[in-house]
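The primary structure of each chain is shown beneath.
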Amino acid sequence: EGRSVSGNAEGYGKLTRSDGGSYEGYWLNNLQHGKGTEITADGSRYEGHYKQGMKSGEGKSTWNDGRVYEGHWLDNKMCGQGCFTRPGGMKYQGQWKDDMMDGNGVYLWGDGRKYTGQFQ
């Protein structure tokens, strides 16, 4: 559903995949571009910004196992400031680079322990 220009998805539209996944949001030259929501076949969900088909900018990812990341993305990777939580109380708030904790941050364990400092 949506608008097509010369056979390419443009503007706002919805794609439903054969596996049950979907994307609803903005397109440019057949790529996700701008704000959108993607739901994968396993029920995981990303709501946020895309640039040329990749998660880039602010967004929130919720995996089907209960993990959640909310923060900055770059080229489909957690990068910049963000908060990651897991079921059971684990939480990390801080800097990310290439999907890894990297830089200043605070790590909380489910039992209440806390570490504040540098991560690499």
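Residues numbered from 1 in each chain as written. Predicted model: local features only at pLDDT ≥ 70, side-chain atom pairs only at ≥ 80, totals over all residues. Heavy atoms only, no water.

On inspection of all chains with the given rule, the structure shows four salt bridges. The shortest N-O distance in the salt bridge between arginine 17 and glutamate 38 comes to 3.3 Å. Placement of arginine 17 in the loop between strand E2 (8-16) and strand E3 (22-28) and of glutamate 38 in strand E4 (residues 31-39) is noted, with a sequence separation of 21 residues between them. What makes arginine 17 partly exposed here is its relative accessible area of 29%. With a relative accessible area of 17%, glutamate 38 lands in the buried category. Salt-bridge contacts for aspartate 65 lead to arginine 67; the nearest nitrogen and oxygen are separated by 2.9 Å. Residue arginine 67 is classed as partly exposed on the basis of its relative accessible area of 22%. (Salt bridge = Lys/Arg side-chain N within 4 Å of Asp/Glu carboxyl O. Helix = DSSP H or I, 4+ residues; strand = E, 2+ residues; numbered from the N terminus. Buried < 20%, exposed > 50% of the residue type's maximum accessible area, 1.4 Å probe, protein only.)

Moving on to the state of the cysteines. Applying the stated rule across the entire model yields zero disulfides. Free of any disulfide, cysteine 79 has its nearest cysteine sulfur in cysteine 83, 16 Å distant. (Disulfide = S-S within 2.5 Å.)

Backbone geometry places asparagine 30, a non-glycine residue, at a positive phi of 75°. Of note in the backbone geometry, aspartate 98 takes a positive phi value of approximately 50° without being a glycine. On the secondary structure map, aspartate 98 appears in the loop between strand E9 (91-97) and strand E10 (100-108).

Inspection of the secondary structure assignment puts glutamate 10 in strand E2. You can call glutamate 10 buried: its relative accessible area is 12%.

Here E9 pairs with E10 via six bridges, running antiparallel. Counted as the bridge partner of tryptophan 96 is methionine 101 from E10. With antiparallel pairing between neighbouring strands as the criterion, E9 and E10 make up a hairpin whose turn holds two residues, including aspartate 98 at a positive phi of roughly 50°. As judged from the six bridges shared by E10 and strand E11 (residues 114-119), these two strands associate in the antiparallel manner. Residue pairing for E11: leucine 108 is matched across the bridge by lysine 114. (Pairing = 2+ DSSP bridges.)

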